[in-house]
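Here is what each chain is made of, one letter per residue.
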Amino acid sequence: PQRLVHLQFRRFAGCPVCSLHLGSIARRHQELVDAGIREAAVFHSPREELLIHDAHFPFDIIPDPDRDLYREFGVE
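In this report, we go over the structure that sits alongside the text. (Residues numbered from 1 in each chain as written. Predicted model: local features only at pLDDT ≥ 70, side-chain atom pairs only at ≥ 80, totals over all residues. Heavy atoms only, no water.)

1. Looking at the nonpolar core
Quick note on the threshold: Among the buried residues, those of types Ala, Val, Leu, Ile, Met, Phe, Trp, Tyr and Cys that are joined through side-chain atoms within 4.5 Å form a nonpolar core. Classification of residues uses two cut-offs on accessible area relative to the type maximum, computed with a 1.4 Å probe and protein chains only: under 20% is buried, over 50% is exposed, and between them is partly exposed. Helix and strand labels come from DSSP, where a helix needs a run of H or I of at least four residues and a strand needs a run of E of at least two; each type is numbered from the N terminus. Here, two residues are considered to be in contact whenever any of their heavy atoms come within 4.5 Å of each other.
Among the nonpolar cores identified, the biggest contains 11 residues, and these are A13, C15, C18, L22, I25, A41, F43, L50, F57, F59 and I61. Looking at this core, the elements with two or more residues in it are helix 1 (16-27) and strand 2 (37-43). For this core, the element with the most residues is helix 1, which contributes 3 residues. Sequence-distant contacts of F57, that is, excluding residues within four places in its chain, are made with S19, L22, G23 and A26.

So this is what it looks like as structure tokens:
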């Protein structure tokens, strides 16, 4: 409740473009924290795939293989 959430909807685990962009966000993660922003990225990949490719990021990575969040937020 005290922070804004920057919620990103990404493609699949290991997507090269997503990894490049998320890397730039990771490098500036402390600036986001200092500004009161919580970063989170949703992928339409299962948890197991995210652990292989994207678990190293310092913010929340959310698996959504059934794309429930995509539908809920109208990102289809």
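2. Digging into the environment of V75
Looking at the element boundaries, V75 is found in the segment after helix 4 (68-72). When the C-alpha atoms of V75 and F9 are compared, they prove to be 7.6 Å apart, with 66 residues separating the residues in sequence. Residues in contact with V75, not counting those within four places in the same chain, are F9 and Y70.

3. Description of the sheet that holds strand 2
Which entries qualify depends on this criterion: Here the rule is simple: two strands pair whenever DSSP picks up at least two bridges between them. Orientation is described by lines fitted to C-alpha atoms, with helices fitted over the stretch in contact, and by angles between N-to-C directions that extend from 0 to 180 degrees.
The strand order across the open sheet formed by 3 strands is 1-2-3, and the pairing between neighbours is parallel. Since the sheet does not close on itself, it has two edges, and those belong to strand 1 (4-9) and strand 3 (60-63), each with one partner. Looking at each pair of strands side by side, their axes are set apart by 25° on average, direction ignored. Here strand 1 runs beside strand 2; their pairing, made up of 6 bridges, is parallel. Bridging across to strand 2, L4 finds its partner in I37. Taken strand by strand, helix 1 contacts strand 1 and strand 2, and its axis lies near 165° from that of strand 2.

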